[in-house]
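The primary structure of each chain is shown beneath.
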Amino acid sequence: MIQTSNDILLDWTKNLFEKKEFSFDYKLQQLSEKLKKEVAHFDWVGFYFANHKNQTLNLKAFAGIPTEHTSIPFGRGICGQVALSNQTLNVPDVKESQNYIACSLEVKSELVVPILIDCINIGQIDIDSNTPNAFSSADEKLLASICEKIASHYTTLQVF
């Protein structure tokens, strides 16, 4: 059986999260960097985690240009919408979204996939691309699988 690049990334992610010697935050940072490096149209990769008490998403790890959006209220921007809907959101053209938070003028499209535990959104992966309509169903499937792996290794539920 021939492994696709997505299969290789999933295996790499599984192996990373099974390593006990690294912290969860370190693993998220390594994964952010790996995804940005390996997927050409992933220009910014970040992980936001929910603080349900404060109704905010807080940036935990990222790869790409630093952003001033390290805390996002639920409902605000694409990430904030996903925090409320618990549904993947693929935005082919960010200029067409009235609720878009501009992190960079270069960003043309965005994909946000929730990380769920028992139907509760604990966080999400946020991908920005400088290419219009950059994300495919294969990207959505890859990120959903990665989010499942992260959820299965996430044991600190103090964010609730």
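Described in the following lines is the structure provided in the data block. In this text the structure is predicted, and so the values were computed from the model without any measurement. (Residues numbered from 1 in each chain as written. Predicted model: local features only at pLDDT ≥ 70, side-chain atom pairs only at ≥ 80, totals over all residues. Heavy atoms only, no water.)

It is worth spelling out helix H1 (residues 5–18) at this point. The end-to-end C-alpha distance of H1 is 20 Å, a good match for the 20 Å that 14 residues give at a rise of 1.5 Å each. Of all the residues in H1, the buried ones are Leu9, Leu10, Thr13, Leu16 and Phe17. Viewed end-on, H1 has its buried residues packed into an arc of 125°, placing them on one side of the element. On its buried face, H1 sits against helix H2 (24–38) and helix H4 (137–153). (Helix = DSSP H or I, 4+ residues; strand = E, 2+ residues; numbered from the N terminus. Expected span 1.5 Å × (residues − 1). Buried < 20%, exposed > 50% of the residue type's maximum accessible area, 1.4 Å probe, protein only. Arc of directions from axis to C-beta. Contact = heavy atoms within 4.5 Å.)

With that settled, the discussion passes to H4. Between its first and last C-alpha, H4 extends 25 Å over 17 residues, near the 24 Å set by a 1.5 Å rise per residue. For H4, the full list of buried residues reads Asp139, Leu142, Leu143, Ile146, Cys147, Ile150 and Ala151. Buried residues belonging to H4 abut H1, H2, strand S1 (44–51), strand S5 (109–117) and strand S6 (120–129). The N-cap residue of H4 is serine 136: its side-chain oxygen and the backbone nitrogen of alanine 138 are 3.2 Å apart. (Polar contact = N/O pair within 3.5 Å; in protein donor to acceptor, adjacent residues only side chain to side chain.)

Right, let's get into the environment of valine 91. For valine 91, the location among the structural elements is in strand S4 (residues 89–91). Each C-alpha atom, one on valine 91 and one on alanine 134, is 9.0 Å from the other, the two residues being 43 residues apart in sequence. Those residues in contact with valine 91, other than ones at most four positions away along the chain, are Ile78, Ser97, Ser109 and Glu110.

The strand order across the open sheet formed by six strands is S3-S2-S1-S6-S5-S4, and the pairing between neighbours is antiparallel. Looking at strand neighbours, the two that pair on one side only are strand S3 (71–73) and S4, the edges of this open sheet. For this sheet, the mean inter-axis angle between neighbouring strands, taken without regard to orientation, is 25°. In terms of strand pairing, S5 meets S6 through nine bridges, oriented antiparallel. Counterpart to isoleucine 115 in the pairing with S6 is glycine 123. Across the sheet, helix H3 (residues 77–85) touches S1, strand S2 (56–63), S3, S4, S5 and S6, and the angle it forms with S6 is around 155°. Contacting S1, S4, S5 and S6, H4 crosses the sheet at an angle of about 30° to S5. (Pairing = 2+ DSSP bridges. Axes fitted to C-alpha atoms, helices over the stretch in contact; angles between N-to-C directions.)

A separate point is the packing of H1 against H2. Where H1 contacts H2, the axes come no closer than 10 Å and their chain directions differ by 165°. Overall, the two elements H1 and H2 adopt an arrangement that is roughly antiparallel. Crossing geometry of H1 relative to H2 is assigned as right-handed. Contacts between H1 and H2 involve Leu9, Trp12, Thr13, Leu16 and Phe17 from the first element and Phe24, Lys27, Leu28, Gln30, Leu31, Lys34, Leu35 and Glu38 from the second. Grouping the amino acids of the contact of H1 with H2 by side-chain chemistry returns eight nonpolar, two polar and three charged. (Parallel < 35°, antiparallel > 145°, perpendicular 65-115°, else oblique. Left-handed = near helix turned anticlockwise from the far one by under 90°. Nonpolar A, V, L, I, M, F, W, Y, C, P; charged D, E, K, R; others polar.)

Before going further, it helps to examine the side chain of glutamine 124. Summarising the element assignment, glutamine 124 is placed in strand S6. The exposure class of glutamine 124 is buried, given its relative accessible area of 0%. Here the side chain of glutamine 124 touches cysteine 79 through a polar contact of 2.8 Å, landing on its backbone oxygen. With sequence-adjacent residues up to four places away left out, glutamine 124 is seen in contact with Gly46, Phe47, Tyr48, Leu57, Cys79, Gly80, Val82, Ala83, Val112, Val113, Pro114 and Ile115.

By themselves, these figures tell us nothing about what the structure is for.
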